[in-house]
Every structure is written in structure tokens, then in C-alpha cells.
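A closer look at the structure
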Amino acid sequence: MIDKSVPTPDEAVADIPDGATIMVGGFGQAGQPFALLEALTRHRPRDLTLISNNAGNGDHGLAALLKAGCVSKVICSFPRQSDSWVFDELYRRGELALELVPQGNLAARIQAGGSGLGGIFTPTGYGTALAEGKETREIDGRHYVFERPLKADYALIRAHHGDRWGNLVYDKTGRNFGPIMAMAATCTLAEVTRLVPLGGLDPEQVITPGIFVQRVVATAPAERLSA
């Protein structure tokens, strides 16, 4: 019997090793898997490469992971905002490497990784510092930059509901990077508000099929249903 449910976030992240590449879903705080991030911070792996839309804000979530010294490199499109003091301090001290990626390129590179593509040609970034050292090509009179796909050892994402097979549905803007990151990672950990019985999800509403999810954990134990 297939059962990908895990009792706690701590058990879900327990085998993430030092040096792993990790994708983390979310757009700002929308769709960010806070329970999994808190568990990973407690687990304290080192030398992680983090792929995310942003580099955290305040002192929680991604920022807490950075502050704990778990991350050595961030690949993201939006590292700085008014309350990104953790990232700012680490970066200015030279303790954190940054690969800045335009947001559309970030999504497209993750999609390429999940689709098994060898990379993409994109016009975004051509003629700028972001294109230095990269292959360029003129196609139909327009200049493009070659960008490599992004893949990860683990993806930490948040969905609204899931079942024990790992099928996921999302809530509004919570459906942002999660679906494409689930496809681009070797092992996807999904945090859900509610774990429902098999058959409890409308197949037409399932965005991420269970084939792309290896572990699912409900973060509101009182709402766990018999699956």
C-alpha cells in the first residue's frame, strides 16, 4: 500500500545531508513551507545551496535557515527587501554567495530541470552582467543567452490539501513555484494543511500528481483525517 505520509516535519527532513541543493517554494510568504523550514533549521545541515524566489525576510522561515548558518549559496530572483537584514548581513560579510536570476529565467530554468531539458535560450539578461561568460546566440534577429536548467536534491513546498499518495491541490497564490519545483527535485517534501482520505481530492483540482512527491506531512495534526 502506497503511503507517503510522514508524522512530523522533523521526520520529513531528517535525512537531508550537508551540501544538499534544496528548492523552497513560496512567493514572499505565500506558499512558503514554514513548518518544514523550521524543522530543517532544527536539523542544522550545513553548506546548503538554496534555490528560491527570495532570500527570506524578518527572522523566520528562510531567514532563520540562513541565520543558523545552514546555507552557503542562494540562487534567487529577489534577495533584498526592507526586512531582509539576515541575508544583507551575511552577504556583506562574505559568508553567503549569491547567484541572481531574473524571475522569469528562474521559473523557466526550474521548468527545464523538471522537464529533462538541457537548458533554455532566453533574451532576458542579454547584454548585461548576468550574461557574462555564458553562451549567446542570435535567433531570428534577436539575441539570446543560454541558461542551464536548475535541479535539486530536495524540494520543500506547501500545498493546501494532499492525500497519502502525494497528490496535491493548492490555495490561490500558494500555487506558485511549488508545482514546478516538485518536478525538478529528486525528493519532494510537501507540507499540507490537511491530509485527506484517498478519493477526497477532485482529480480535476490536482495540480501536482503524487508521482512527483515522495513525502507529505500535515502541519495541523488536529485536521489529519484517516487516509
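Per-chain numbering applies: the sequence of each chain, read as written, is numbered from 1 onward. Where totals are concerned, whole chains, interfaces and linings use all residues; where local detail is concerned, this predicted model gives features only for residues with pLDDT of at least 70, and gives and counts side-chain atom pairs only at 80 or more. In computing side-chain values, all of the structure's heavy atoms are included and hydrogens and water are not.

Within an unreviewed UniProt entry, the label attached to the protein reads 3-oxoadipate CoA-transferase, and the organism entered is Chimaeribacter coloradensis. UniProt positions are given in the numbering used here, feature names are shortened, and annotations may be inferred rather than shown by experiment. Database annotation for the protein, UniProt heading Sequence similarities (unreviewed entry): "Belongs to the 3-oxoacid CoA-transferase subunit A family."

Some words on the environment of Ala 218
Under the scheme used here, helices are H or I runs from DSSP no shorter than 4 residues and strands are E runs no shorter than 2 residues, and both carry numbers assigned from the N terminus. Following the sequence through the fold, Ala 218 ends up in strand E11 (residues 215–218). Spatially, the C-alpha atoms of Ala 218 and Glu 147 are 36 Å apart, while their sequence positions differ by 71 residues.

Quick word on helix H4 (residues 85–92)
The set of residues buried in H4 consists of Val 86, Phe 87, Asp 88 and Leu 90. Looking at the packing, one finds that the buried side of H4 touches helix H3 (62–67) and strand E4 (97–100). Of the residues flanking the end of H4, it is Gly 94, one or two places downstream, whose phi is positive at about 75°. Each residue's exposure class comes from its accessible area (1.4 Å probe, protein chains only) as a fraction of the maximum for that residue type: buried when under 20%, exposed when over 50%, partly exposed otherwise. Note on definitions: a residue-residue contact is assigned when non-hydrogen atoms from the two residues lie within 4.5 Å.

Quick look at the pattern of salt bridges
Definition used for salt bridges: Asp or Glu carboxyl oxygen within 4 Å of a side-chain nitrogen of Lys or Arg. The full count for this structure, using the stated rule, is 13 salt bridges. The salt bridge partner of Asp 59 is Lys 67, with a shortest N-O separation of 3.8 Å. Two residues, Lys 172 and Asp 171, come together in a salt bridge whose shortest N-O distance is 3.3 Å. Residue class for Lys 172 comes out exposed when judged on its relative accessible area of 71%. With relative accessibility at 37%, the residue Asp 171 sits in the partly exposed group.

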